[in-house]
Amino acid sequence: MKVVVAPDKFAGTLSAAEAAEAMATGWRQVRPDDETVLVPIADGGEGTIDVVASVRGVTRHVAEVADARGRACEAAWLSLPDGRALVEAAQAVGLSGLAPEDRDPLTATSYGVGQLIAAAAAEGASEIVTTLGGSATSDGGAGAVTALGHRLLRADGNRLKVGALPLRQLDRVELGPALGTTVTVACDVNNPLLGPAGAATVFGPQKGAGPDDVPALEAALTLWADVVERDVPGGPWRHLPGAGAAGGLGFALAAFVGARLAPGAATIAELVGFHAAVADADVVITGEGKLDGQTAHGKAPGYVAEQARARGARVLAIAGQITDGAEALADAARALGPEGFDRPAQLCAERAAELATQAVDQRWA
């Protein structure tokens, strides 16, 4: 049989590549004659750059940019073999890169993401794929577009300070130079910018916003959307699926650089050659830290399972936790259990070996 091993990361314990290697090791212990093909996957969240970096011909660049607090940091981006570039927002403004006491979505800035996009454009990238997951910011992408040369002005003609709260003083937008290349945004969520499913309400608390902060963020982002959609031709953009990703960075990139917002898992799958690998697969193994009812809605394992089934392959899953609502994802699934954080690689291998043993006589339940 041909077995494609395509997990996402197990957050906090294993990268996608480490998880794939562990699963393949366990499978081979039981079925050494099967062809195993490792295709680590991601959906645009943190760690996506490392998944894509495994593709042959990729060149890693490092740039000094601003982190979410405005401090200098080093962030990587990739040149791809076909002339495109990959920028991961979390490389510059990732939430995990901040100590808990430094997390403040009211003042965090996405400026560093704009710097990374500008660096890729300066190198002549034919297209810049920008992934948005895992950010610490809720500034609507205002910092990023400022870094790209656009002017955000108060009524007195002075420029806005960075962060989300200063957006409440926004009076007008003056467009800067065109970027000179196309941008595709790989979104790991499909939330709009505003409202009960928007950036402030859903993601603000995850980034440190308290109960009183969420309405303040919503008001700031609402004024931001009103002014941008008045002053920048081509809108509206606030309701686009993914506009609320990375605290509204999806909205800003759609408005200011004409970015196309695309599902992250499908975009990354294309970059790493997943579709070619799965075309003739008999079995596909996927997984991540937690499988639940939301996994099928845009998350990488859900996309992998959907594509595998469309091609007639069996779907197996291994995860740190498996909760109600994930049963339909796979033909058989195994959780690492409470010891998963202590020895995740070993347990991934053991669970894969269990599934391979069942495969000997096609017992998938």
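Placed above this text is the structure.
So, a few notes on the structure that sits alongside this text. Computed from a predicted structure; not experimentally measured. (Residues numbered from 1 in each chain as written. Predicted model: local features only at pLDDT ≥ 70, side-chain atom pairs only at ≥ 80, totals over all residues. Heavy atoms only, no water.)

### Comments concerning the overall build of the protein
Here is step 1 of the chain: Per the secondary structure count, the protein includes 12 helices and 15 strands.
Here is step 2 of the chain: By the compact-globule yardstick of 21 Å for 365 residues, the protein fits well, its C-alpha radius of gyration being 21 Å.
Here is step 3 of the chain: Along the longest, intermediate and shortest principal axes, the C-alpha atoms of the protein span 75 × 45 × 35 Å.
Here is step 4 of the chain: Relative to its full complement of 365 residues, the protein shows a buried share of 54%.
Here is step 5 of the chain: By sequence separation, contacts in the protein at least 24 residues apart represent 71% of the contacts at least 6 residues apart.
Here is step 6 of the chain: Surface exposure of the protein reaches about 14500 Å², of which carbon and sulfur atoms provide 50%. (Helix = DSSP H or I, 4+ residues; strand = E, 2+ residues; numbered from the N terminus. Rg over C-alpha atoms; globule rule 2.2 N^0.38 Å. Buried < 20%, exposed > 50% of the residue type's maximum accessible area, 1.4 Å probe, protein only. Contact = heavy atoms within 4.5 Å. Areas by Shrake-Rupley, 256 points an atom, 1.4 Å probe, with all protein chains shown as cover.)

### Concerning the pattern of salt bridges
Here is step 1 of the chain: According to the stated counting rule, one finds 20 salt bridges in the structure shown.
Here is step 2 of the chain: Between Lys 2 and Asp 280 there is a salt bridge, with its nearest N and O atoms 2.6 Å apart. On the criterion of sequence distance, the pair formed by Lys 2 in strand S1 (residues 2-5) and Asp 280 in the loop between helix H10 (274-278) and strand S11 (283-286) is long-range, its members being 278 residues apart.
Here is step 3 of the chain: Judged by its relative accessible area of 11%, Lys 2 is buried.
Here is step 4 of the chain: Judged by relative accessible area, Asp 280 falls into the exposed class, the value being 51%.
Here is step 5 of the chain: Of the charged contacts, one joins Asp 50 and Arg 60 as a salt bridge, the two residues approaching to 3.3 Å between their closest N and O atoms. Taken together, the residues Asp 50 in helix H2 (residues 48-52) and Arg 60 in strand S3 (residues 59-66) connect sequence positions 10 residues apart. (Salt bridge = Lys/Arg side-chain N within 4 Å of Asp/Glu carboxyl O.)

### Let's talk about the sheet that holds S1
Here is step 1 of the chain: Sheet architecture is open: five strands sit in the order S2-S1-S11-S13-S15, paired in parallel fashion. Since the sheet does not close on itself, it has two edges, and those belong to strand S2 (35-38) and strand S15 (332-335), each with one partner. The mean inter-strand angle of the sheet, taken between neighbouring strand axes irrespective of direction, is 15 degrees.
Here is step 2 of the chain: In this structure, strand S13 (residues 314-319) lies alongside S15, joined through four bridges in parallel fashion. Of the residues in S15, the one forming a bridge with Leu 316 is Ala 332.
Here is step 3 of the chain: Relative to S2, helix H1 (residues 16-30) is tilted by about 175 degrees, and along the sheet it contacts S1, S2, S11 and S13.
Here is step 4 of the chain: Across the sheet, helix H11 (residues 300-310) is in contact with S11 and S13; its angle to S11 comes to roughly 175 degrees. (Pairing = 2+ DSSP bridges. Axes fitted to C-alpha atoms, helices over the stretch in contact; angles between N-to-C directions.)

### Regarding helix H4 (residues 111-122)
Here is step 1 of the chain: Here H4 contains 12 residues, and its C-alpha end-to-end distance of 17 Å stays within 8% of the 16 Å for a straight helix at 1.5 Å per residue.
Here is step 2 of the chain: Gly 124 sits one or two positions beyond H4 and adopts a positive phi of about 85 degrees. (Expected span 1.5 Å × (residues − 1).)

### A look at the packing of aromatic side chains
Here is step 1 of the chain: For the structure shown, the criterion picks out three aromatic pairs.
Here is step 2 of the chain: Ring pairs connect the aromatic residues Trp 224, Trp 237, Phe 251 and Phe 256, which therefore count as one cluster. (Phe/Tyr/Trp six-rings, centres within 6.5 Å; stacked < 30°, edge-to-face > 60°.)

### Description of the nonpolar core
Here is step 1 of the chain: Among the nonpolar cores identified, the biggest contains 39 residues, and Val 52, Val 272, Phe 274 and Val 284 are the most heavily contacted of them.
Here is step 2 of the chain: For this core, the secondary structure elements donating two or more residues are H2, strand S4 (72-79), helix H9 (264-272), H10, H11 and S13.
Here is step 3 of the chain: Discounting chain neighbours no more than four positions away, the residues touching Val 52 are Val 58, Leu 78, Leu 80, Leu 86, Ile 268, Leu 271 and Val 272.
Here is step 4 of the chain: Among the nonpolar cores identified, the runner-up in size contains 33 residues, and Val 65, Ala 85, Leu 148 and Cys 187 belong to it. (Core = buried A, V, L, I, M, F, W, Y, C linked by side-chain atoms within 4.5 Å.)

### Observations concerning the side chain of Thr 109
Here is step 1 of the chain: Note that Thr 109 resides in the loop between helix H3 (89-93) and H4.
Here is step 2 of the chain: Within the structure, Thr 109 has its side chain in polar contact with the backbone nitrogen of Tyr 111 (distance 3.1 Å).
Here is step 3 of the chain: If we skip the residues at most four places from it in the chain, Thr 109 touches Asp 67, Ala 68, Gly 70, Val 93, Thr 137, Asp 139, Gly 143, Val 162 and Gly 163. (Polar contact = N/O pair within 3.5 Å; in protein donor to acceptor, adjacent residues only side chain to side chain.)

### Some points on the sheet that holds strand S5 (residues 85-88)
Through backbone hydrogen bonds, the strands of a sheet pair up, either in parallel or in antiparallel fashion.
Here is step 1 of the chain: Spatial ordering of the open sheet is given by S3-S4-S5-S6-S9-S10, a layout of six strands whose pairing is mixed. Edge positions in the sheet fall to S3 and strand S10 (260-263), since each has one partner strand and no second. Sheet twist, expressed as the mean angle between neighbouring strand axes with direction ignored, is 30 degrees.
Here is step 2 of the chain: Sheet topology places strand S6 (residues 127-131) next to strand S9 (residues 182-187); five bridges connect them, and they run parallel. Bridge pairing links Val 129 to Thr 184 in S9.

### Remarks on H11
Note: α-helices contain 3.6 residues per turn, so residues at a spacing of three or four share the same orientation.
Here is step 1 of the chain: In terms of residue burial, H11 counts as a mostly covered element, since eight of its 11 residues are buried.
Here is step 2 of the chain: The set of residues buried in H11 consists of Ala 300, Pro 301, Gly 302, Tyr 303, Val 304, Ala 305, Gln 307 and Ala 308.
Here is step 3 of the chain: Residues of H11 that are buried in the fold lie against H9, H10, S11, strand S12 (290-291) and S13.
Here is step 4 of the chain: The positive-phi residue at the C-terminal boundary of H11 is Gly 312, with phi of around 85 degrees.

### Examining the pairing of S5
Here is step 1 of the chain: Residues of S5 alternate between two faces, with Ala 85 and Val 87 on one and Leu 86 and Glu 88 on the opposite face, all of them buried.
Here is step 2 of the chain: Pairing of S4 with S5, which is carried by three bridges, proceeds in the antiparallel orientation. Following the sheet pairing, Ser 79 is matched in S5 by Ala 85.
Here is step 3 of the chain: Turn length for the S4-S5 hairpin, with the two strands adjacent in sequence and antiparallel, is five residues, and the turn residue Gly 83 shows positive phi of about 95 degrees.
Here is step 4 of the chain: Two strands pair when backbone bridges link them, and S5 and S6 are joined in this way by four bridges, in the parallel orientation. Of the residues in S6, the one forming a bridge with Val 87 is Thr 130.

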